[in-house]
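Listed below, chain by chain, are the residues.
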There are 2 protein chains.
Amino acid sequence: MSGIRDIAKLANVSNGTVSAVLNGKGDALRIAAATRERVWEAARALNYRPNIPARRLRTADDTGVPVVALFWTWDTRSSLMGRFLKGIQSSPLCQENGVELLIQPYASSCLGKELSLLRGTRFNGAIIANATELDLAYLSQVNLPLPVVLYQRSQEGYRSIQVDHYASGCEVAELFHAKGFRQVGLITPHVSSQAIQLRQEGFVETAERLGMLVAGEHRLLDAFSEQGGYEAAARLSSGPPLPEALFVLCDQMAIGALTAFRERGIEVPGQIQVVGYDDSEGAAFTVPSLTSVHLPVERMAAAAIGLLAKLIDPGRELAVIETFATHIVYRNSCPEVKNL
Amino acid sequence: MSGIRDIAKLANVSNGTVSAVLNGKGDALRIAAATRERVWEAARALNYRPNIPARRLRTADDTGVPVVALFWTWDTRSSLMGRFLKGIQSSPLCQENGVELLIQPYASSCLGKELSLLRGTRFNGAIIANATELDLAYLSQVNLPLPVVLYQRSQEGYRSIQVDHYASGCEVAELFHAKGFRQVGLITPHVSSQAIQLRQEGFVETAERLGMLVAGEHRLLDAFSEQGGYEAAARLSSGPPLPEALFVLCDQMAIGALTAFRERGIEVPGQIQVVGYDDSEGAAFTVPSLTSVHLPVERMAAAAIGLLAKLIDPGRELAVIETFATHIVYRNSCPEVKNL
DNA sequence: CTGAAAGCGCTAACAT
DNA sequence: ATGTTAGCGCTTTCAG
């Protein structure tokens, strides 16, 4: 990279002049038109691009804002990313330009390849989302030189923002129990995720404790997408007797499942009731509308950045909730029991 | 903000020592445990936070990557933001850490308040998305000191990545014409957006040119959301005779509209056919599935960052498509005409 | 084991 | 109208 001095040399002026011209202060300093032209030309010839860190260091007026990186995997579904960012943006910190947000994409299970995390040279702190079990294992054995907040994961030695996934699973099982169901099923996305794992465990263990049967053929695994949910539900309906109710661990798959049932003439909630997870924006507009466990993504995102800001800069006193509660949003695919 | 020298003073060591300790090089340099402790304590007491720009300037190994800001309004729907980011992330530039992506939220119509754009001190270039007419007016009268790429907007003096919205509108009108419809309608989101405006004009003008009627009561305006689409469709169905086909300018509203029709027993596509816009992830799973104009958000996002990188650094030779084509994805709400 | 000093690329104040 | 120079806050030799 060529710098301002190279331009100065090429244009036969001093670096001060170059800086002035390049920053549009030519007028103020009444620099000769010919000189300006020479400077611009040299800059162009050298492919000059200002060094932002250097500029900011010198300018200093906004040198004070902490830089925060958001590690997000690029293979996850867009809608959650959107909701998460919306939550981040809604946080007062962002609105007042109190932090600078850097997006740092990483590949699932490859967090270890992100050296910027290890070196800590590019940002003051990081929010890590979508960590797989492998990523968590990596985190457990490194000692990062900067504060980190995990989103939807928990790992010794790290702070987290999350919901109690296990409890969410229990809640759904309890709902099915209250409705008097005996045979229940679940559809799980095929991903390595603590969150999914816990939801599943909470559901299955509670179901069994309450005397319901979660038969092996009623436990389906498929891709984390509408299509995956469709396939899983298709397999479910082509086989043995249906369960009375089905917990689908993410809305996207639930939406696909509803389609599969409808195509096969299986009535929801008549023959089988369905509960999704996430309470995504589209859940209210499926047919039938989808009962779903509401995940407060936006609030959690805001909490994550708040917590991180506090870790970076203990001066601020922000009370931050670190574990959020979920609740079931009742719609038609699994109507509310009034006398629960 | 206190710096490394303050710590040095407080801990009675030199700044070199402080730096070494803080960067975990205590071991390598065999610095006394007591000294380390003093340093850490002083750092904590002073609420020390490293100055990232300064550190990067010095470290210099990654000082070369251009910094790019993405201006996005926080009041837009999440799903598009997610798709856009996914597209950005999928670009080779991002994958190879060839750029540093900064998220810069701004309030609709308030782009003028973002001084970082004017000063150009925080990044090398910017992608501006969701600009309203007011924002464009602002852009037309300032002279920004850095390269800018507009997403889905066009404005003299700026480069853009976009689709031909007008042509998209025409395409839908032509489809309706080919199907032999005479009375068509449209639902428009209530936002200030060139893109929406152009789609609408393209549709209406072409419809009229082809001899179809777009009656005043068949032109609805409502909120940019499922709910808005629902309300608009509800008004449409409670009034005068329905149009034969309806162009809904965004999928979210189309999804709401389908719900409204179903609740009222109006058959789609039997009594009215519906075409949406965006081809969002959920469009395949509505009832009936939604025919929609596919917007190549992901590819456009990748093109936007590619174009910007090229503007920042003319050295790179990347061929960038600046205008993308849309196409209609046929599903059940408006089936394909075979002999078109 | 620790201190002193140079310099990253840039801007701004001060000279000329 | 342009050149000179002093740092911004930090890391990193190099001397002790």
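Parameters and conventions
- Residues numbered from 1 in each chain as written.
- Chains lettered and ligands numbered in written order.
- Predicted model: local features only at pLDDT ≥ 70, side-chain atom pairs only at ≥ 80, totals over all residues.
- Heavy atoms only, no water.
- Helix = DSSP H or I, 4+ residues; strand = E, 2+ residues; numbered from the N terminus.
- Rg over C-alpha atoms; globule rule 2.2 N^0.38 Å.
- Buried < 20%, exposed > 50% of the residue type's maximum accessible area, 1.4 Å probe, protein only.
- Contact = heavy atoms within 4.5 Å.
- Areas by Shrake-Rupley, 256 points an atom, 1.4 Å probe, with all protein chains shown as cover.
- Lys, Arg positive; Asp, Glu negative; His and termini not counted.
- Charge placed at Lys NZ, Arg CZ, Asp CG, Glu CD.
- Salt bridge = Lys/Arg side-chain N within 4 Å of Asp/Glu carboxyl O.
- Near = heavy atom within 4 Å.
- Polar contact = N/O pair within 3.5 Å; in protein donor to acceptor, adjacent residues only side chain to side chain.
- Buried area = accessible area lost by both parts, 1.4 Å probe.
- Nonpolar A, V, L, I, M, F, W, Y, C, P; charged D, E, K, R; others polar.
- Pairing = 2+ DSSP bridges.
- Least-squares fit on C-alpha atoms with pLDDT ≥ 70 in both.
- UniProt positions renumbered as here; feature names shortened; annotations may be inferred.
- Expected span 1.5 Å × (residues − 1).

- Labelled according to an unreviewed UniProt entry, chain A appears under the name LacI family transcriptional regulator, originating from Paenibacillus contaminans.

**Describing the overall build of chain A**
Thought 1: Looking only at helices and strands, one finds 13 helices and 12 strands in chain A.
Thought 2: Compactness check: chain A gives a C-alpha radius of gyration of 27 Å against a globular reference of 20 Å for 340 residues, more than 25% above the reference.
Thought 3: Taken along its principal axes, the extent of the C-alpha atoms in chain A is 85 × 40 × 35 Å.
Thought 4: Looking at chain A as a whole, 56% of its 340 residues are labelled buried.
Thought 5: Taking the intrachain contacts of chain A between residues at least 6 apart in sequence as the baseline, contacts between residues at least 24 apart amount to 71%.
Thought 6: On chain A, roughly 14,000 Å² of surface is accessible, and the fraction owed to carbon and sulfur atoms is 51%.
Thought 7: Taken as two groups, the 32 positive and 35 negative side-chain charges of chain A have centres that lie 10 Å from each other.

**Observations concerning the pattern of salt bridges**
Side chains bearing opposite charge may pair, as long as their charged atoms lie close to each other.
Thought 1: Applying the stated criterion to the full structure yields 18 salt bridges over all chains.
Thought 2: Note that Glu 100 of chain A is salt-bridged to Arg 56 of chain A, the shortest N-O span being 2.8 Å. Linking Glu 100 of chain A in strand 2 (residues 100-106) with Arg 56 of chain A in helix 4 (residues 52-59), this pair joins segments that are 44 residues apart in sequence.
Thought 3: Arg 56 of chain A sits in the buried class, given a relative accessible area of 4%.
Thought 4: Each member of the salt-bridge network shares a partner with another, and the members are Arg 56 and Glu 100 of chain A together with Arg 122 of chain B.

**With respect to the protein's contact with DNA strand C**
Thought 1: Around DNA strand C sit 24 residues, and of these Ile 4, Lys 25 and Tyr 48 of chain A together with Ser 14 and Thr 35 of chain B come closest.
Thought 2: Among the atoms of DNA strand C lying within 4 Å of the protein, the sugar-phosphate backbone contributes 67%.
Thought 3: Note that a phosphate oxygen of DNA strand C is positioned 2.8 Å from one of the side-chain N or O atoms of Arg 55 of chain A.
Thought 4: In this structure, Thr 17 of chain B approaches DNA strand C through a side-chain N or O atom, which is 3.0 Å from a phosphate oxygen.
Thought 5: The set of elements that each furnish at least two residues to the surface near DNA strand C consists of helix 2 (15-22) and helix 4 of chain A together with helix 2 (15-22) and helix 4 (52-59) of chain B.
Thought 6: In terms of residues, the surface near DNA strand C owes the most to one element, helix 4 of chain A, which gives 3 residues.

**Some thoughts on the interface of chain B and chain A**
Thought 1: The interface is formed by 60 residues belonging to chain B together with 62 residues belonging to chain A.
Thought 2: When chain B packs against chain A, the two sides together hide about 5,500 Å² of surface, and 51% of this comes from carbon and sulfur.
Thought 3: The largest share of the area that chain B buries against chain A comes from Arg 49, Arg 122 and Phe 285 of chain B, three residues that together contribute 14% of it.
Thought 4: The tally of links from chain B across to chain A stands at 4 salt bridges.
Thought 5: Taking the shortest distance from any N to any O, the salt bridge between Asp 313 of chain B and Arg 49 of chain A comes out at 3.8 Å.
Thought 6: Counting the contacts that link chain B with chain A gives 8 residue pairs in polar contact (both at pLDDT 80 or more).
Thought 7: At 8 residues, the largest contribution of residues to the side of chain B that touches chain A is made by helix 5 (residues 78-90) of chain B.
Thought 8: Here the residues of the side of chain B that touches chain A are counted per class, giving 21 nonpolar, 24 polar and 15 charged.
Thought 9: Looking at chain direction, strand 2 of chain A and strand 2 (residues 100-106) of chain B are connected through 3 bridges and run antiparallel.

**Examining the relation of the copies chain B and chain A**
Thought 1: The transformation that overlays chain B on chain A combines an axial shift of 0.0 Å with a rotation of 180°, and the residual RMSD is 0.1 Å. Overall, the copies show the geometry of a two-fold rotation axis.
Thought 2: Take the interface residues of chain B: 100% of them recur as interface residues in chain A, which is what a same-surface contact looks like.

**Remarks on the UniProt feature "domain: HTH lacI-type" (unreviewed entry) in chain A**
Thought 1: Mapped onto the present numbering, the UniProt feature "domain: HTH lacI-type" (unreviewed entry) falls at residues 2-59 of chain A.
Thought 2: Along residues 2-59 of chain A the backbone is 64% helical and 0% strand, and the end-to-end C-alpha distance reaches 20 Å.

**Notes on helix 13 (residues 297-312) of chain B**
Thought 1: Between the first and last C-alpha of helix 13 of chain B there are 22 Å, a value that for 16 residues agrees with the 22 Å anticipated at 1.5 Å per step.
Thought 2: By the criterion of burial, helix 13 of chain B is predominantly enclosed, with 12 of the 16 residues buried.

**Some points on the side chain of Asn 124 of chain B**
Thought 1: Looking at the secondary structure, you find Asn 124 of chain B in the loop between helix 7 (115-119) and strand 3 (125-129).
Thought 2: Residue Asn 124 of chain B is classed as buried on the basis of its relative accessible area, which comes to 6%.
Thought 3: Engagement of the side chain of Asn 124 of chain B in a polar contact is seen with the backbone oxygen of Pro 50 of chain A, the distance being 3.0 Å.
Thought 4: With residues up to four places along the chain from it excluded, the contact list for Asn 124 of chain B reads Arg 49, Pro 50 and Ile 52 of chain A together with Pro 66, Val 67, Leu 146, Pro 147 and Ile 312 of chain B.

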